[in-house]
Amino acid sequence: MSNPKVGFISLGCPKALVDSEQILTRLRSEGYLVSPNYQESDLVVVNTCGFIDAAVEESLDSIGEALAENGKVIVTGCLGARQDEILARHPQVLKITGAHATDEVVDAVHEHLPPAHNPFTSLIPPQGIKLTPQHYAYLKISEGCNHRCSFCIIPSMRGDLVSRPVDDVLQEAEKLAEAGVKELLVVSQDTSAYGLDLRYQSRRWRGREVSSRFYDLAAALGELGIWVRMHYVYPYPHVDEVVSLMAEGKVLPYLDIPFQHADSRILKLMKRPAAAENNLQRIKTWREICPDMTIRSTFIVGFPGETEQEFESLLEFLSEAQMDRVGCFAYSPVKGAAANQFADPVPEQLKQERLERFMAHQAQISADRLQKRVGKTEMVLVDEVVEEGAVARSKADAPEIDGQVFIDGATHLRVGDFVEVELEEADEHDLWARCTSA
């Protein structure tokens, strides 16, 4: 009997990607093969995103395409929390589950495509199935979120904070490092809150007790001897302790902090955690502790009720904060979000105008900060080797969302190599460099 083949479509954020990896690892361990196309698949799983309207449409379109091309489709992921909406468009799907529902998805596959397990031909690597390149991986440390931001519906789809026991996280990280992963990207909905629901209980790892706490987890990951990059960190005072680890070279000097706005009234309307924090002072403190720190963030413009003066205060914040990498979105109503009912919605044309002004303002800041790095020598990690040379990333660059370092002519390098380079040119996003070491 031949092994059944499953096709897989993974949409959305890195946390959803980790869910996809866990599902694929389970299926592969049971003898299922992963098919690269609809035609060879006996069944297709679509892991959906439901965060904003555009993502919902992409997910619904992907489900429709899978049904048209294959006919047997299981749906999982964040959009699964809105089953009626999926069934209204695609009533013929076999099963719908919510996010982080590995057991339910695997059970559904069993029901509609029974396994043909052969332990001699279905072995999987210790680190499981990964959808990222071999040299980096996402490490999800918790699921869900305790916050109730007025523009967000993630808690309704993924639930409250559920942290993974620290020994489970560290054992997975060890396996990834042993398999050749050079960079771990730590992700969750709220990395700063890690372990709160566990009351920071300790577990044994490498013969000692380690607390399920953000700092202790970061310190332990820093012992693995690979790059560790922190994402989705909220600006609470205890983050200062982790910044000290960055200054010591234990984890990368990089913080991804979703500030979302700078005006206190708008932050309160958004119900943002740490809304009362003086974020400019926090940034100043972090840079005093770790001068070479990279800070990236995301913001929303055109939130209901945002005045021109409040938008201008956001631009002033950018000028003061001097962040390295910044993304921005024009506010978009999300079905089920409290902010949909707020008074004084900003007209669409004005939202787009503010988005353009915001991005132009930040582009100059980013360009100036990159220009200050020209002439310096830095270590980079090679992501790709092409005909013209190598494409790499520095400590300041997370994959897919930040910039790149282009090394012309360096075709002798290999993907996953660490190499020392001298930075020679920069624009507002990327850098160009030459090798100073083989």
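Student: Outline the overall build of the chain, listing residues and values.
Tutor: Looking only at helices and strands, the chain features twelve helices and 20 strands. Here the chain has a C-alpha radius of gyration of 23 Å; the compact-globule value for 438 residues is 22 Å, and the two agree. Sequence separation of 24 or more characterises 73% of the internal contacts of the chain that already satisfy a separation of 6 or more. Working note: accessible area of the chain is about 19,000 Å², and carbon and sulfur atoms make up 50% of it. The averaged location of the 67 negative side-chain charges in the chain is 5 Å from the averaged location of its 44 positive side-chain charges.

Student: Break down unusual backbone geometry for me, with residues and values.
Tutor: Its identity is not glycine, yet His 100 carries a phi of approximately 40 degrees, on the positive side. Within the element layout of this structure, His 100 appears in the loop between β5 (95–96) and α4 (102–112). With a phi angle near 55 degrees, Tyr 232 is a residue other than glycine that sits in the positive phi range. Of note, Tyr 232 is situated in the loop between β12 (227–230) and α8 (239–247).

Student: Which residues make up the pairing of strand β11 (residues 208–211), and what values do they have?
Tutor: Note: strand β10 (residues 202–205) against β11, four bridges, orientation antiparallel. Paired with Arg 204 across the two strands is Glu 209, which belongs to β11. The hairpin turn running from β10 into β11, its antiparallel successor, is two residues long, and Arg 206 in that turn takes a positive phi close to 50 degrees.

Student: Hey, could you go over the packing of helix α1 (residues 14–29) against α4 for me, with residue numbers and the actual values?
Tutor: For the pair α1 and α4, the least separation of the axes is 10 Å and the interaxial angle reads 40 degrees. The angle between α1 and α4 places the two elements in the oblique class. Read as a crossing pair, α1 and α4 show a hand that is right-handed. Two secondary-structure elements touch here, α1 through Gln 22, Ile 23, Arg 26 and Leu 27 and α4 through Thr 102, Asp 103, Val 105, Val 106 and Val 109. Partitioned by chemical class, the residues of the contact of α1 with α4 number five nonpolar, two polar and two charged.

Student: Pulling in residues and values, what's your account of the sheet that holds strand β3 (residues 43–48)?
Tutor: As summarised here, the arrangement of the five strands in space is β2-β1-β3-β4-β5, forming an open sheet in which the pairing is parallel. Two strands bound the open sheet, and with one partner strand each, they are β2 (33–35) and β5. Pairing geometry for β3 and strand β4 (residues 73–77), over five bridges, is parallel. What sits directly across from Thr 48, in β4, is Gly 77. Contacts from α1 reach β1 (5–10), β2, β3 and β4 within the one sheet, and its direction differs from that of β1 by about 175 degrees.

Student: Quick one: what's the story with the packing of aromatic side chains, residue by residue and with numbers?
Tutor: Taken as a whole and assessed by the stated rule, the structure comprises nine aromatic pairs. For the ring pair Tyr 136 and Tyr 138, a centre distance of 6.4 Å and an interplane angle of 90 degrees mean the geometry is edge-to-face. Taken individually, Tyr 136 and Tyr 138 each receive the classification buried, so the pair is uniform in this respect. Ring geometry for Trp 227 versus Phe 418: centroids 5.1 Å apart, planes at 55 degrees, classification tilted. Taken together, the positions of Trp 227 in strand β12 and Phe 418 in strand β19 (residues 418–426) put the pair 191 residues apart, joining distant regions of the chain. For Trp 227, a relative accessible area of 9% translates into the label buried.

Student: Mind laying out the side chain of Asn 47, listing which residues take part and the relevant values?
Tutor: Its location among the elements puts Asn 47 in strand β3. Of the polar contacts made by the side chain of Asn 47, one reaches the side chain of Ser 20; its length is 2.8 Å. Other than its neighbours up to four places away in sequence, Asn 47 contacts Phe 8, Ile 9, Ser 10, Leu 11, Ala 16, Asp 19, Ser 20, Thr 76 and Gly 77.

Student: So what's going on with the environment of Val 301? Which residues, and what values?
Tutor: Positionally, Val 301 belongs in strand β14 (residues 294–301). Given the relative accessible area of 0%, Val 301 is considered buried. For Val 301, the contacting residues outside a window of four places in its chain are Glu 306, Phe 311, Leu 314, Cys 328, Phe 329, Ala 330, Tyr 331, Lys 351, Arg 354, Leu 355 and Phe 358.

Student: Tell me about the environment of Thr 97, and name the residues and values.
Tutor: Here Thr 97 lies in the loop between β5 and α4. Linking Thr 97 and Phe 214, residues 117 residues apart in sequence, is a C-alpha distance of 30 Å. Look past the residues within four positions of Thr 97 in its chain and what remains in contact with it is Val 75, Thr 76, Gly 77, Gly 80, Glu 104 and Val 105. Side-chain polar atoms of Thr 97 contact the side chain of Thr 76, separated by 2.7 Å.

Student: Quick one: what's the story with the sheet that holds strand β17 (residues 389–393), residue by residue and with numbers?
Tutor: Pairing within the closed barrel is mixed, and its five strands lie in the order β16-β17-β18-β20-β19. With direction set aside, neighbouring strand axes in the sheet form an average angle of 50 degrees. Pairing of strand β16 (residues 377–386) with β19 involves five bridges; the strand directions are antiparallel. Bridge pairing in β19 places Leu 381 opposite Phe 418.

Student: Before we move on, can you summarise helix α2 (residues 53–69) with the specific residues and values?
Tutor: With 17 residues, α2 should reach 24 Å at 1.5 Å per residue; the first-to-last C-alpha distance of 24 Å fits that figure. On the buried face of α2, the contacting elements are β1, β3, β4 and α3 (83–89). One or two residues past the end of α2 sits Gly 71, with phi positive at roughly 100 degrees.

Student: Give me α8: which residues, what numbers.
Tutor: Because each turn of an α-helix spans 3.6 residues, side chains separated by three or four positions in sequence point in the same direction. Those residues of α8 that fall on the buried side of the exposure criterion are Val 239, Asp 240, Val 242, Val 243, Leu 245 and Met 246. The elements touched by buried residues of α8 are α7 (214–221), β12, β13 (254–256) and α10 (279–289). Phi turns positive, to about 80 degrees, at Gly 249, one or two residues after α8.

Student: Before we move on, could you go through the environment of Val 380 and cite the residues and values that matter?
Tutor: Considering the arrangement of structural elements, one finds Val 380 in strand β16. Exposure remark for Val 380: the relative accessible area of 0% places this residue in the buried category. Put simply, Val 380 and Ala 396 are 16 residues apart on the chain and 9.5 Å apart in space, counted from C-alpha to C-alpha. Not counting residues within four places of it along the chain, the set of residues in contact with Val 380 comprises Trp 227, Ala 392, Arg 393, Ser 394, Val 405, Ile 407, Asp 417, Phe 418, Val 419 and Val 421.

Thresholds applied
- Residues numbered from 1 in each chain as written.
- Predicted model: local features only at pLDDT ≥ 70, side-chain atom pairs only at ≥ 80, totals over all residues.
- Heavy atoms only, no water.
- Helix = DSSP H or I, 4+ residues; strand = E, 2+ residues; numbered from the N terminus.
- Rg over C-alpha atoms; globule rule 2.2 N^0.38 Å.
- Contact = heavy atoms within 4.5 Å.
- Areas by Shrake-Rupley, 256 points an atom, 1.4 Å probe, with all protein chains shown as cover.
- Lys, Arg positive; Asp, Glu negative; His and termini not counted.
- Charge placed at Lys NZ, Arg CZ, Asp CG, Glu CD.
- Pairing = 2+ DSSP bridges.
- Axes fitted to C-alpha atoms, helices over the stretch in contact; angles between N-to-C directions.
- Parallel < 35°, antiparallel > 145°, perpendicular 65-115°, else oblique.
- Left-handed = near helix turned anticlockwise from the far one by under 90°.
- Nonpolar A, V, L, I, M, F, W, Y, C, P; charged D, E, K, R; others polar.
- Phe/Tyr/Trp six-rings, centres within 6.5 Å; stacked < 30°, edge-to-face > 60°.
- Buried < 20%, exposed > 50% of the residue type's maximum accessible area, 1.4 Å probe, protein only.
- Polar contact = N/O pair within 3.5 Å; in protein donor to acceptor, adjacent residues only side chain to side chain.
- Expected span 1.5 Å × (residues − 1).

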